[in-house]
Amino acid sequence: MSGFRPLSSGLKALQPEAFGADPSGERMARIRRSPHFKDGVFQNPGGSTGRPSLSMVDFAKIYFDKDERPRRAPQGTVPVHATTLADLAKPPATGLRLTWMGHSSVLAEIDGHRVLFDPVWGQRCSPFPFVGPKRVHPVPLPLAALGPVDVVVISHDHYDHLDLPTIKALADTDTLFAVPLGVGAHLEHWGVSADRLRELDWHEATKVGGLTLTATPARHFCGRGMRNTQHTLWASWSVAGDEHRVYHSGDTGYFDGFRDIGAEHGPFDATMIQIGAYSEFWPDIHMTPEEGMRAHLDLQGGRPHGVMLPIHWATFNLAPHPWAEPGEGTVEAAHATGSRIALPRPGEPFEPTADTVPSDPWWRAVALAPEGGWPTALTGAATRTTAASAAGAQSVTGNGSDRGADEGTGEPEAVAAG
C-alpha cells in the first residue's frame, strides 16, 4: 500500500524514475470525462478517495512494537515451489491454470492464452533500491523464463503492484498491457509504446485474442510520487475466455459492488482475492480474510462456487498483523462458509477446476506459532477435502464446493510502499 504522508520534503528533489509520470494531454482530458472523476480526483464507489491519514511516524510506532515484531516475519525459509518452470512447460489439462508468484502476482493460463496480473519481480516495493519493504522469499523463476505473455494486467499504480524493473523488462517484449485509466502515463514514461496499451475506465472492456478483459470497480486509492494527484484509477479485473473466467481483486476494501460484478461477469472458476496488509487504521481500502471470503461469495452469487486464491500476502510485510495471519484467517473463513480455497506455495501451479487443489497450510512450518498452537481441526478439514467429495456432501471444510533469490529479513524499513 502507499499514500502515507511523505518522509521528508527533501526527497522531492530526487524525483526517481520510479515515480512515473502524471497524465497529461488527451489522457488527462479523458480522465476528466470519467464519471468516477470528481472535484479533481478519482472517487471510490460511495464517493470517497480512500487515502489513509496515518503518518509514517505513527505507523512505525505500531509496526515496530517489540512484543509483536517477531510475528511479523517468517522464522524460517519460506518454501518456494521448486519445479515451476518444468510444470509450466506442460499445457493445463483443464484449460485453466493459475500460478501464484507471490503477493498479487499471478500467471493465469486461460483457454490457450496467458495473462500476467500485477507482476512484481523487483526486490523491494519502493521507489528506491536501497530502502523499503523487501521480499521475504525469492521469485519462483526469472521473469525471462516465464515465456511469452499475451497481456499484462495492472490493478493500480502502487509499488507492490506496478514495479519499475519488471515493467521495463516487459517493455522489451511484444506483450500488451491492460491498465486502469491514467496508469498508461507511467508505462509510456518507462518505454511501453502507446499502441500496446489498453487503458480502461470501470466497466470498459477490451479484447485480447480470445479473452475479454473488463476493468471493474474497486475501493482503494492511487499514487507513487511525493505529489499524489489521484489522477490514476484503480480497478479489479474480470477476464473471460471461451470456456473459463477468472477475477482478480487488485487492492480493495469490501463494498457492495462485488455482488454487481458477480451478477454481470460471474460466476468465476477462480477468484484471486486480496486478504493481506489490512489494518484497523485503513479499513476501507484493504480486506481482512473474512471480508475477502465474503467478497468471493458475493462474486459467485452468494453460494460456494469456484476456487478462491488468497493473494496480497506472504511476500512483503506491509501491515502490523502477524505474517501468517492472512493464511490462517482464509482457512478459517473457508471452513465457516464451506468454500473451496487453494493454498499454493509461491510458484506452485494448480488447476482450479481439477478435483484437487493445493491445500497444505505451508506457512506453519516457518511461522511463529500462536499461543496454544495451530488449530488442528481446521488443518485436517482443509487438507482432506476435494472438489469431488464436496460436490456430493456439501462439506463445510476449508475446501468444500461444487466446482471446481533475495533473502529478506522479514522486517522491512518503514517507508511508503506501493
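Residues numbered from 1 in each chain as written. Predicted model: local features only at pLDDT ≥ 70, side-chain atom pairs only at ≥ 80, totals over all residues. Heavy atoms only, no water.

Novice: Give a description of the overall build of the chain that names residues and reports values.
Specialist: Within the chain one finds ten helices and 16 strands. Expressed as a percentage of its 418 residues, the buried residues of the chain come to 62%. Total accessible area on the chain stands at roughly 15500 Å², and carbon and sulfur atoms take up 51% of it. (Helix = DSSP H or I, 4+ residues; strand = E, 2+ residues; numbered from the N terminus. Buried < 20%, exposed > 50% of the residue type's maximum accessible area, 1.4 Å probe, protein only. Areas by Shrake-Rupley, 256 points an atom, 1.4 Å probe, with all protein chains shown as cover.)

Novice: I'd like a description of the side chain of S279, backed by residues and values.
Specialist: For S279, the location among the structural elements is in the loop between β13 (270-274) and α7 (289-299). For S279, a relative accessible area of 11% corresponds to the buried category. Within polar-contact distance, the side chain of S279 engages the backbone nitrogen of F281 at 3.0 Å. (Polar contact = N/O pair within 3.5 Å; in protein donor to acceptor, adjacent residues only side chain to side chain.)

Novice: Account for the pattern of salt bridges, with residues named and values stated.
Specialist: One pass over the full model with this rule turns up eleven salt bridges. A salt bridge links K168 to E17; the nearest nitrogen and oxygen atoms lie 3.0 Å apart. Pair noted here: K168 is in helix α4 (residues 164-171) and E17 is in the segment before α1 (25-33), with a separation of 151 residues, a long-range link. Since its relative accessible area comes to 33%, K168 is described here as partly exposed. (Salt bridge = Lys/Arg side-chain N within 4 Å of Asp/Glu carboxyl O.)

Novice: Describe the sheet that holds strand β8 (residues 197-200), naming the residues involved and giving the relevant values.
Specialist: Spatially, the seven strands line up as an open sheet ordered β8-β7-β6-β5-β4-β3-β16, and their pairing is mixed. Two strands in the sheet have a free side with no partner beyond their single neighbour: β8 and β16 (349-350). (Pairing = 2+ DSSP bridges.)

Novice: I'd love a proper account of the packing of aromatic side chains, names of residues and values included.
Specialist: Counted under the stated rule, the structure contains 13 aromatic pairs. Considering the side-chain rings of W362 and W363, the 5.7 Å spacing of their centres and the 80 degrees angle between planes classify their relative orientation as edge-to-face. As far as burial versus exposure is concerned, W362 and W363 are alike and both buried. Feature note: the residues W100, W313, W323, W362 and W363 constitute an aromatic cluster, connected by ring pairs. (Phe/Tyr/Trp six-rings, centres within 6.5 Å; stacked < 30°, edge-to-face > 60°.)

Novice: An account of helix α6 (residues 257-265) is needed here, citing residue identities and associated values.
Specialist: An α-helical turn contains 3.6 residues, so any two residues separated by three or four positions project in the same direction. Of the residues making up α6, those classed as buried are G257, F258, I261, G262 and H265. The buried residues of α6 occupy an angular sector of 140 degrees when projected down its axis, which confines them to one face. Opposite its buried face, α6 presents the exposed residues D260, A263 and E264, each directed more than 90 degrees away. Where α6 is buried, its residues meet β10 (211-216), β11 (236-240), β12 (245-248) and α7. (Arc of directions from axis to C-beta. Contact = heavy atoms within 4.5 Å.)

Novice: How would you summarise the environment of D269 if you had to cite specific residues and measurements?
Specialist: Note that D269 resides in the loop between α6 and β13. Distance in space between the C-alpha atoms of D269 and V307 is 6.4 Å, their sequence separation being 38 residues.

Novice: Quick rundown of the sheet that holds strand β14 (residues 307-311)? Include the residues and the values.
Specialist: Ordered in space as β9-β10-β11-β12-β13-β14-β15, the seven strands form an open sheet in which the pairing is mixed. Either end of the sheet is taken by a strand with one partner, and the two such strands are β9 (205-208) and β15 (340-341). Relative to β12, β11 runs antiparallel, the two being bridged by four bridges. Considered in β12, the bridge of A240 is made with R245.

Novice: I'd like a rundown of the packing of α7 against helix α8 (residues 325-337), residues and numbers included.
Specialist: Viewed as axis vectors pointing N to C, α7 and α8 meet at an angle of 45 degrees, and their least axial separation amounts to 8 Å. When the interaxial angle is binned, α7 and α8 end up oblique. Every pair of crossing elements has a handedness; the one defined by α7 and α8 is right-handed. Contact residues: P289, E290, M293 and L297 in α7; E325, P326, G329, T330, A333, A334 and T337 in α8. By residue class, the composition of the contact of α7 with α8 is six nonpolar, three polar and two charged. (Axes fitted to C-alpha atoms, helices over the stretch in contact; angles between N-to-C directions. Parallel < 35°, antiparallel > 145°, perpendicular 65-115°, else oblique. Left-handed = near helix turned anticlockwise from the far one by under 90°. Nonpolar A, V, L, I, M, F, W, Y, C, P; charged D, E, K, R; others polar.)

Novice: Residues and numbers for unusual backbone geometry, please.
Specialist: Cis geometry marks the peptide bond from G266 to P267, where omega comes out at -5 degrees. Take P267: it is sitting in the loop between α6 and β13. Phi is positive for D39, close to 55 degrees, though the residue is something other than glycine. The exposure class assigned to D39 is exposed, which follows from its relative accessible area of 70%. A positive phi angle is found at H103, which is not glycine, with a value near 55 degrees. Tracing the backbone through its elements, the reader meets H103 in the loop between β3 (96-102) and β4 (105-110).

Novice: Can you lay out α8 for me, pointing to particular residues and giving the numbers?
Specialist: Between its first and last C-alpha, α8 extends 18 Å over 13 residues, near the 18 Å set by a 1.5 Å rise per residue. Of the residues making up α8, those classed as buried are P326, G327, E328, G329, T330, V331, A333 and A334. Downstream of α8 by a residue or two, G338 has a phi angle that is positive, lying close to 70 degrees. (Expected span 1.5 Å × (residues − 1).)

Novice: Quick rundown of the nonpolar core? Include the residues and the values.
Specialist: Within the largest apolar cluster, 68 residues are counted, with the highest numbers of intra-cluster contacts made by V115, F117, L213, W237 and W323. Here this core gets four residues from one element, more than from any other, and that element is β14. Aside from chain neighbours lying at most four places away, what touches V115 is V106, L107, A108, I110, V149, V151, V153, L211 and V239. Core analysis: the second largest hydrophobic core is formed by 36 residues, C125, L141, L146 and F316 among them. (Core = buried A, V, L, I, M, F, W, Y, C linked by side-chain atoms within 4.5 Å.)

Novice: Report on the confidence of the model for the chain, specifying residues and quantitative values.
Specialist: In this model, the chain carries an average pLDDT of 86, and 80% of its residues clear a pLDDT of 70 or more. Confidence drops under a pLDDT of 50 for residues 1-13, and excluding neighbours within four residues, the segment shows 35 contacts in the predicted structure. (pLDDT = per-residue confidence, 0-100.)

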